[in-house]
Each structure stands twice: as C-alpha cells, then as structure tokens.
There are 2 protein chains.
Amino acid sequence: MTQTAAPRPDAYTPTDRTVPTRSRERAAYDHEMVHAILDEGYVCHLGFVRDGAPVVLPTLYGRVGERLYVHGSTGSRPLRMAGQADPGLRVCLTVTHVDGLVLARSAFHHSINYRSVVVHGVAHQVTDPQEKRAALDALVDHVVPGRSRDSRPADTKELAATAVLRLDLGEVSAKLRTGGPNDEPEDLGLPYWTGVVPVSTTHGAPVPADDLAPGTEVPAYLTAL
Amino acid sequence: MTQTAAPRPDAYTPTDRTVPTRSRERAAYDHEMVHAILDEGYVCHLGFVRDGAPVVLPTLYGRVGERLYVHGSTGSRPLRMAGQADPGLRVCLTVTHVDGLVLARSAFHHSINYRSVVVHGVAHQVTDPQEKRAALDALVDHVVPGRSRDSRPADTKELAATAVLRLDLGEVSAKLRTGGPNDEPEDLGLPYWTGVVPVSTTHGAPVPADDLAPGTEVPAYLTAL
C-alpha cells in the first residue's frame, strides 16, 4: 500500500498498482466517478497473459453494481483460459474516453483530455444461470439502454455457447485530464494557436436492416441515444 | 504457423497469435488495411506484464512506416521497464475504432461494427536522437496532422525527460466487422426493430486557451479535422 489514509466506504482503496508513478493528481478512486466513466462506455480493452506475453483485446462489457462482465464464445481464448485455470484468469480491464485534443505552444506539452478506468483483478467464469442471464442483459443494455427487454432473450443453446466472465471492482482507479494547455511561462509569447479541440462520440440515425418488417418504428431508446 | 500460404510482400504473415480462434473471416493482414486503421486513431491500449500480471494503459502513438512509437516520461513504469530490461519490453498494442451498434432481433446476435489492429512484439527505447525527434513529431502529427511544424519543438531538457519506445510492425493483424445483423432464420418474423446505429468520433469547434494572443487565427489543419 502506497497510501496510508483510512479506507473510505465510497472509494476504492489505492494500491501500488493503482497509484500512478506520475501525475498523481489525475488519479481518482471514488465509486461515483469510476461508475460514471464505466457506464458511459461499452468497449473495454481486456489484457491477460498468454504464454508469458501480454494480449490486449477489445471487447464489450457491462456493469452490475460492483461487478463487471465480459462475454464471448466458449471457444475463445481468454474465456477458455479463465475456465481452465482453477484460480481464474488474471486480467487488467481498461476503459478510455477521449474528450479533447490539447494543443500547447510547445510540442512537449501537447496532450489529450481523457477519462479512463483501469481495473486489476482475477476474472472467473459465471456458472450460475441466473447471474449469467442478468450479465448478458447488462451487456446488451450497456450498449443500448433498454434494449435487452426489446429483443429475444438467449435460449438454452445460445446460453451454453456463451461464456461470461465476472470481474469484481476491487483494485480500481480512474484517471482524468481536463482543462487547457499548460505551457511554460517563457512560451506564452509564441505565435502558435493554442487551446483545446473537443472530441466526442456521436450516434447517427439508425439504419434499418434490409429485412426489417415495413412499418416497424424506431424505438424511443434509440432516438434517445 | 497456423497458415501455410506463401508470405506476401504486401501483408503481415499470420502467426498462432494473430489468427483468431473464432470468426477468422474477420481477420485481415494486408499492410494497407492495417496502416489505414492505425492512421485513423491516436490512442492505443498498450499491454505489458508487470510482476506476472497484465497491465493495460491508454497512451498516444504514432506511425512511421513499419514502426510504431509511444512515448512517456522517463519515470513512467513501462518506459522504465523497457529501458531496464536488456531485450526490451514485450508488449501488445491494440487500436480500436467503433463504427456501429448492431441490433439483431435476438440478444445473442447483438454486436458491434468495429475495426481493430493488434500488434505483438518487443518494444525498445529509442536512443538515436534523430529517430527520437522524428518519433515525437509523428506522435504530434498523428493527433493533429500538420501540427508538429506549427509548435515549438522539444528542447534538449524536454527530450531528455521523454522516453520513446519503438515497436516494429511484424506480428500484426486487423480485425473487422461490417454490415447488418445476422439473425437466425426463425427469428426473422419477430417484431423487434433491427438494424445498425452508426457511431463516429467528431471534433467540435476549437476552443482557444484563455491566454491566446488576440487575433491569432485558427490554423487550417484544425478546421480540416
């Protein structure tokens, strides 16, 4: 433990792994901030070790309380590894949102405004059928809130073909950069444009499938995106 | 080697690591596709192994030909690890773009349209000053093309404080999903809306820093974003 402050009920306890070596003022540990960053996204980058080498794959995730879920085919590598390894699969799950391009007068102080969450832990295969169903609903609803109730639920065969991994939110940190450029005082007179270009993710108008039944209206949860 | 096809000069040779166990039709290895995906982004997720556990951190990257570069403070963990470890630092560098939300009639067939590149390899610290400068320019220009020439270059002190890692594009694959939902034939009559919601990254109007000299015009490379 790098920090000796008393544990807070509304925050994750920092550890050696979750206290950055640099820019510590950008780190945050409170549940609210971490949950908000996680809930704004649906694609994470899942890291694990295979034959001693790191592997990082993009995958969907969902959150239910203090648990994250990822899913995949029962034949996919990380899910097989989590199932085979008795103590589970050690993972690092990272979610990143880019909010802006920070253009300083000096190349050195160029940066990105972002919010990220890094979760360290051991992922386990979900075996309880009820938890598995709830996790799959959460995965769909993380991408499009409200969608799981408006689609056909997985049947027994589909459930059997899908593996779900659970990762508890225990060793967690958020990291953020906000605001404008931080130029050196001696650079303030340089003639270059300086400021921030906002970056955001946007959803276009829904494109119906070719075989959508005529007259099927776009549901409200999609127009709300 | 999983594939026995003759090596192609315009493609990366597939390996056990870069041939997916599932959905092989989504994998691509040609240079053009891989470069295009890499050049559209600037934030990657860099994975490495620390004390036996995976670590995945978001970081900026740049490409120069068949080399990728990432940078950081000389005090940051992965950069220190790459410098200390004689044979370099084994990494997995992943870049992902989300293009659409794929809503099938069944929860099981929900998916994401995406393009990703995964690079496996050993990263080395760049020691040649000229390569280091070129790499830092590439990093800035990857975020905002044309910006490196319109900012103050790093001075000797800044260069010394910055470590740059080089990763050769050797063991590389792209993975893509495009198109609409793939529902089961027996689900085609279900009443749910089905199709794709396009997703894209957008840049807002540049926000000048508070201390920007009055009259400084927004450069053309920013209005072109």
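Described below are features of the structure shown in this document. Fair warning: this is a prediction, and the values are worked out from it, not measured in the lab.

## With respect to the relation of the copies chain B and chain A
Each copy of the sequence occupies a distinct position, and chain B is placed on chain A by a rotation of 180 degrees and an axial shift of 0.0 Å, giving an RMSD of 0.0 Å. Interpreted geometrically, this transformation is the action of a two-fold axis. Among all C-alpha atoms of chain B, that of Thr201 of chain B lies closest to the rotation axis, at 2.3 Å. Comparing contact sets, 100% of the residues at the interface of chain B also lie at the interface in chain A, consistent with an isologous, same-surface contact.

## Let's talk about helix H1 (residues 31-40) of chain A
Residues and elements named next belong to chain A. Of the positions making up H1, those classed as buried are Val34, His35, Ile37 and Leu38. The buried residues of H1 occupy one face: seen down the axis, they fall within an arc of 165 degrees. Summarising the contacts, the buried residues of H1 are in contact with strand S3 (53-64), strand S4 (67-73), strand S5 (89-103), strand S6 (111-125), helix H3 (129-143) and strand S8 (171-177).

## A word on the interface of chain B and chain A
In this assembly, 86 residues from chain B lie in contact with 86 residues from chain A. Summing the contributions of chain B and of chain A, the shared interface buries around 6,800 Å²; its carbon and sulfur component is 65%. For the chain B face of the interface with chain A, the top three residues by lost area are Pro54, Arg152 and Trp193 of chain B, together amounting to 11%. Here chain B is connected to chain A by four salt bridges. Among the ionic pairs, Asp211 of chain B bridges to Arg105 of chain A, the shortest N-O distance being 3.2 Å. Broken down by element, the side of chain B that touches chain A gets its largest block of residues, nine residues, from strand S9 (residues 195-203) of chain B. Judged from the two bridges that link them, strand S10 (residues 207-208) of chain A and S9 of chain B form a sheet pairing that is antiparallel.

Reading the values: rules and limits
Residues numbered from 1 in each chain as written. Chains lettered and ligands numbered in written order. Predicted model: local features only at pLDDT ≥ 70, side-chain atom pairs only at ≥ 80, totals over all residues. Heavy atoms only, no water. Least-squares fit on C-alpha atoms with pLDDT ≥ 70 in both. Contact = heavy atoms within 4.5 Å. Buried < 20%, exposed > 50% of the residue type's maximum accessible area, 1.4 Å probe, protein only. Helix = DSSP H or I, 4+ residues; strand = E, 2+ residues; numbered from the N terminus. Arc of directions from axis to C-beta. Buried area = accessible area lost by both parts, 1.4 Å probe. Salt bridge = Lys/Arg side-chain N within 4 Å of Asp/Glu carboxyl O. Pairing = 2+ DSSP bridges.

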